[in-house]
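Listed here are the chains, written in short residue letters.
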Amino acid sequence: MHAWQVVDGYLVDTLVGEDEALRAARDSARRAGLPPAEVAPNQGKFLGLIAAMIGARRVLEFGTLFGYSTIWLARAVGADGTVVTFEVDEGYAALARENLARAAVAERVDVVVGPAVESAAALVAAQTEPFDQVFIDADKPNNPRYLAAALLLTRPGSVIIADNVVRDGRAADPTSTDDRVLGVRQFLADTAAEPRLDATAIQTVGSKGWDGFSIAVVP
Ligand code: DHB
Ligand code: MG
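Quick look at the structure, then. None of these values were measured; they are calculated from a predicted model.

Scoring rules and cut-offs
- Residues numbered from 1 in each chain as written.
- Chains lettered and ligands numbered in written order.
- Predicted model: local features only at pLDDT ≥ 70, side-chain atom pairs only at ≥ 80, totals over all residues.
- Heavy atoms only, no water.
- Helix = DSSP H or I, 4+ residues; strand = E, 2+ residues; numbered from the N terminus.
- Buried < 20%, exposed > 50% of the residue type's maximum accessible area, 1.4 Å probe, protein only.
- Donors = N, O, S within 2.8 Å, 3.2 Å for Na, K, Ca; no water.
- Core = buried A, V, L, I, M, F, W, Y, C linked by side-chain atoms within 4.5 Å.
- Contact = heavy atoms within 4.5 Å.
- Pairing = 2+ DSSP bridges.
- Right-handed = clockwise from strand over helix to strand, strands pointing away.
- Salt bridge = Lys/Arg side-chain N within 4 Å of Asp/Glu carboxyl O.

Examining unusual backbone geometry
One non-glycine residue with positive phi stands out, namely Leu65, at about 55°. With respect to the helices and strands, Leu65 occurs in the loop between β1 (58-62) and α4 (68-77). Its relative accessible area of 14% is what places Leu65 among the buried residues. Look at Asn164: it is not a glycine, yet its phi comes out positive at around 65°. When you line up the elements, Asn164 lands in the loop between β5 (154-163) and α8 (179-193).

Quick look at the coordination of the magnesium ion (ligand 2)
Every protein donor of the magnesium ion (ligand 2) is listed here as Asp137 (OD), Asp163 (OD) and Asn164 (OD1), and their distances to the metal cover 2.0 to 2.1 Å. Written as a sequence motif, the donor residues of the magnesium ion (ligand 2) are D-x25-D-N. Residue Asn164 is classed as buried on the basis of its relative accessible area of 6%.

Some thoughts on the nonpolar core
By size, the foremost hydrophobic cluster in this structure holds 33 residues, and its most contacted members are Leu47, Phe66, Val83, Phe135 and Ile161. Put simply, the parts of the chain that give this core at least two residues each are α1 (3-16), α2 (20-32), α3 (41-53), α4, α5 (90-102), β3 (109-113) and β5. The element contributing the most residues to this core is α4, with six residues. Sequence-distant contacts of Ile161, defined by excluding residues within four places in its chain, comprise Leu47, Ile50, Gln133, Val134, Phe135, Ile136, Phe213, Ser214 and Ile215.

Looking at the pairing of β5
Within β5, seven of the 10 residues are buried, which leaves it mostly tucked inside the rest of the structure. The pairing of strand β4 (residues 131-136) with β5 spans five bridges and is parallel. Within β5, the position partnered with Ile136 by the bridge is Ala162. The β-α-β motif built from β4, the intervening helix α7 (residues 143-152) and the parallel element β5 has right-handed crossover chirality. Where β5 lies against strand β7 (residues 209-217), five bridges are found, and the strand directions are antiparallel. The partner of Asp163 across the bridge, within β7, is Phe213.

A closer look at the environment of Leu123
By the element assignment, Leu123 lies in helix α6 (residues 116-125). Taking C-alpha positions, Leu123 is 9.3 Å from Ala149, a pair spaced 26 residues apart along the chain. Excluding anything up to four places from it in sequence, Leu123 contacts Leu60, Val84, Phe86, Thr128, Phe131 and Leu153.

Side note on the pattern of salt bridges
It is possible for side chains bearing opposite charge to pair when their charged atoms get close. Within this structure, the stated rule accounts for 12 salt bridges. Residues Asp19 and Arg75 are paired through a salt bridge, measuring 2.7 Å at the closest nitrogen-oxygen approach. Of this pair, Asp19 sits in the loop between α1 and α2 while Arg75 sits in helix α4, placing them 56 residues apart in sequence. Owing to a relative accessible area of 29%, Arg75 belongs among the partly exposed residues under this scheme. With a shortest N-O distance of 3.5 Å, Asp168 and Arg170 are connected by a salt bridge. Take Asp168: its relative accessible area is 45%, and that puts it in the partly exposed class. The class of Arg170 is partly exposed, set by a relative accessible area of 38%.

Geometric values such as these leave the question of function open.
So this is what it looks like as structure tokens:
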């Protein structure tokens, strides 16, 4: 075990307070054989703290998986808040709904099943009220499309966070032909080129290995 995995365990035990509903959600996913791609507990809390800091009432998530980060975000927006979360896999979405119900936040979360590009386009067409925070954590090749959609679904002051922008350093390889790396690199280039965004990215190391988040604000 790497030292940083031990440290993540220590930090989570000491500070984060992952409760039974979150643990049960993760256990449900392991039993069902879902990929272990959920955010770490301290990362989930980070997402929730950002939401609390900006007073987010409406959060949009690309990539529900089994609802782990969704629970953190749903708790952070409070009983009057809303999380809309996109998931392409019907089975994952069903498991997420069970996990959200167990965490007692199902009534504030809308799990939308389908390709996220299409789900987002439907929200744009419906002129949905803007979201205060967006979390992009779905299939990486589509990241540039998710960013474009997020820009249409936010307002000045909204925060856009993306997971997995480092991926063991592969994101920094300009010669990569991996679709996921290309998606992340195009996403970061688009973020930098977008005059409506001010952004940074932070590398992380912990129970999920070496990775990172980008965070941008819509000025
Ligand atoms: C993968 C996806 C993620 O969002 C993540 O955080 C880790 C891994 C994956 O597709 O392998
Ligand atoms: Mg991720």
